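Listed below are the residues making up each chain.
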Amino acid sequence: MVKKAIAFAALAGLMAAGAASPSLAAGPEEVSGPGYNPSCFAPFSADTKHFQFKAKEPPYRIALANGFVGNTWRIQMIKTLKAYAEQPDVKPLIEELKIVSTGTDVAAQVAAIDNFINAGYDAILTIAVNPTAFGPVIRRANRAGVVLVPFDNVLDSDKIIQVNEDQSEIGRIMARWLLKNVGSSGKILEVRGLPGNSVDRDRHLGFRELMEAGGNSFDIVEVVGNWDDGTAQKVTADAIAVHGTFDGVFVQGGSTGAVRAMIDAGHPFVPVAGEAENGFRKLCAEHAGDGLLCSSAGQSPGLVAIAAKTALEALQGKVLPQYVSVPIPLVEHPDFKANVNYYPDLTDNFFTPNEFPPCGVNITATEIMAKTEEDQ
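My aim in this report is to walk through the structure given alongside it, one point at a time. For clarity, every value in this text was computed on a predicted model and none was experimentally measured. (Residues numbered from 1 in each chain as written. Predicted model: local features only at pLDDT ≥ 70, side-chain atom pairs only at ≥ 80, totals over all residues. Heavy atoms only, no water.)

1. Regarding the environment of Asn-278
Here's step 1: Looking at the secondary structure, you find Asn-278 in helix α9 (residues 278–286).
Here's step 2: On the basis of relative accessible area, Asn-278 is assigned to the buried category, the value being 0%.
Here's step 3: Between the C-alpha atom of Asn-278 and that of Asp-348, which follows or precedes it by 70 residues, the distance is 5.0 Å.
Here's step 4: For Asn-278, the side chain forms a polar contact with the main-chain oxygen of Thr-347, separated by 3.2 Å. (Helix = DSSP H or I, 4+ residues; strand = E, 2+ residues; numbered from the N terminus. Buried < 20%, exposed > 50% of the residue type's maximum accessible area, 1.4 Å probe, protein only. Polar contact = N/O pair within 3.5 Å; in protein donor to acceptor, adjacent residues only side chain to side chain.)

2. Details of the state of the cysteines
Here's step 1: By the definition in use, this model includes 2 disulfides.
Here's step 2: Here Cys-40 is linked by a disulfide to Cys-359, with a sulfur-sulfur distance of 1.9 Å. Taking the torsion about the S-S bond as the criterion, the Cys-40 to Cys-359 disulfide, at about 100 degrees, is right-handed. Here Cys-359 lies in the loop between β17 (355–356) and β18 (361–362) and Cys-40 lies in the loop between β1 (29–31) and β2 (42–43), a separation of 319 residues in the sequence. Comparing Cys-40 with Cys-359, the two get one shared label, buried.
Here's step 3: Sequence-ordered numbering of the disulfide-bonded cysteines in the chain gives the connectivity 1-4, 2-3. (Disulfide = S-S within 2.5 Å.)

3. Topic: the pairing of strand β5 (residues 94–101)
Here's step 1: Where strand β4 (residues 60–66) and β5 come together, 7 bridges link them in parallel fashion. Within β5, the position partnered with Tyr-60 by the bridge is Ile-94.
Here's step 2: Between β4 and its parallel partner β5, the chain crosses via helix α2 (residues 72–85), and the hand of that crossover is right-handed. (Pairing = 2+ DSSP bridges. Right-handed = clockwise from strand over helix to strand, strands pointing away.)

4. Remarks on the side chain of Gln-109
Here's step 1: With respect to the element layout, Gln-109 can be found in helix α3 (residues 106–118).
Here's step 2: What Gln-109 contacts, discounting residues up to four positions off in sequence, is Ala-65, Asn-66, Gly-67, Thr-102, Thr-126, Ile-127, Ala-128, Val-129 and Phe-134. (Contact = heavy atoms within 4.5 Å.)

5. Let's talk about the sheet that holds strand β3 (residues 50–52)
Here's step 1: With respect to topology, 3 strands assemble into an open sheet ordered β1-β3-β14, the strand pairing being antiparallel. Each edge of the open sheet carries a strand with a single partner, namely β1 and β14 (320–321).
Here's step 2: Pairing analysis gives 3 bridges linking β1 to β3, with the strands arranged antiparallel. Looking at the pairing, Glu-29 lines up with Gln-52 of β3.

6. Things to note about empty space enclosed by the protein
Here's step 1: Inspection of every chain in the model, using the stated rule, returns 3 cavities of 30 Å³ or more.
Here's step 2: The computed volume of the largest cavity comes to approximately 140 Å³.
Here's step 3: Trp-73, Trp-227, Gln-252, Glu-275 and Gln-299 are the residues nearest the centre of the largest cavity, which is lined by 14 residues in total.
Here's step 4: Sorting the residues of the lining of the largest cavity by element identifies α2 and α6 (198–211) as the ones contributing at least two each.
Here's step 5: The residue makeup of the lining of the largest cavity, split by class, is 4 nonpolar, 5 polar and 5 charged.
Here's step 6: If you trace the second largest cavity, you find it lined by Ile-62, Leu-81, Ile-94, Leu-97, Ala-308, Ala-311 and Leu-312.
Here's step 7: Counting only elements with at least two residues in the lining of the second largest cavity, the list comes to β5 and α10 (303–315).
Here's step 8: The residue inventory of the lining of the second largest cavity, partitioned by class, reads 7 nonpolar, no polar and no charged. (1 Å grid on protein atoms, 1.4 Å probe; cavity = no way out; pocket = protein on both sides within 12 Å on 5 of 7 lines; lining within 4 Å. Points joined across faces, edges and corners; volume = space filled by probe spheres on them. Nonpolar A, V, L, I, M, F, W, Y, C, P; charged D, E, K, R; others polar.)

7. Some remarks on the sheet that holds β5
Here's step 1: Taken in spatial order, the 4 strands line up as β5-β4-β6-β7 in an open sheet, and their pairing is parallel. Only two strands of the sheet have a single partner each, and these edge strands are β5 and β7 (147–150). Each neighbouring strand pair of the sheet contributes to a mean axis angle of 15 degrees, computed without reference to strand direction.
Here's step 2: As paired elements, strand β6 (residues 123–126) and β7 share 4 bridges and run parallel to each other. The residue of β7 that forms the bridge with Ile-124 is Leu-148.
Here's step 3: Against the sheet, α3 makes contact with β4, β5, β6 and β7, and its axis sits at roughly 175 degrees relative to β4, the strand it touches most. (Axes fitted to C-alpha atoms, helices over the stretch in contact; angles between N-to-C directions.)

8. Concerning the layout of surface pockets
Here's step 1: When its volume is computed, the largest pocket comes out at roughly 150 Å³.
Here's step 2: Across the lining of the largest pocket, the residue classes tally to 11 nonpolar, 2 polar and 1 charged.

9. Some details on unusual backbone geometry
Here's step 1: Between Gly-33 and Pro-34 the backbone carries a cis peptide bond, its omega angle lying at 0 degrees.
Here's step 2: Notably, Trp-227 is not glycine yet its phi reads approximately 60 degrees, a positive angle.
Here's step 3: Counting through the fold element by element, Trp-227 comes out in the loop between β10 (217–224) and α7 (229–243).

So yeah, pure geometry; function would need other evidence.
Following this line, the structure appears as structure tokens:
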């Protein structure tokens, strides 16, 4: 019955979009750069084009069509959006904030976006379940004048404004760290993210680009950790049991769990390239003298605040890059500092980077953790 309802909702969205008059089309216009506030909204590359939507008067109805919600990053992301919407300079711009999480089903996420379009929302943020399946709903959003902003797991499209860090470069950063600290050969454990997502794909490809370059000779064991501490801990423990000792580890997410699996198995400390979980950085600082040398490059859940800020500026008619590039927060051994880039008194599963000074976004941990993770 659920699948039938999803299919009906998607069909209803198609019919409603098809019935819309072409004269009402209000998608973004491609214009010349530079765009508004380039220190915050930096173009992804020199070739990135710029868009401008027709300005609307605030306040706005904003929606988040999230997909997967089964890890701490997604939970913190939802809390961060709620906290951002209540910032003093943001709250007057938002009439309504609606959040839904649809799981890993592409059709369900597309149906949710269609429902928001048909309900007259002004902007829709989304973390796409799949990077290639959203062409029709992009066209429907543009025809309706809705600002659709994918972030984190973005889409293979240049027809909408998107917000992300350079995921391929994160993979290359991790590879450079291991090449520097392991050498050009050895056995490496690669703990991947959630299958089918663009972040997992791009980080993996960036990592392999350098690790498999000429002159290198690595035996890379690949497991799936779903960006989740518990899952990453289990698959790392299983990999150690089957394959023995590794010379280095790359973890896309769930880094705390992967290191704890090494400790539980009595695995010697080796260079680990991981995410920006607070627990991972605590372990890196605690065991640096024991051989745990770490690189921690963060994909902040606070990215949702930049996506929301992008949508709000687009709705006000500001010229923005089609692809907004957010700097990659990076800390590497020996620069882990308590209460600067990790927090001994916060939980292990808190993702540490949530400040974006060029954008005037600085959401405190207290504000974030006070929010609930439920849809609204």
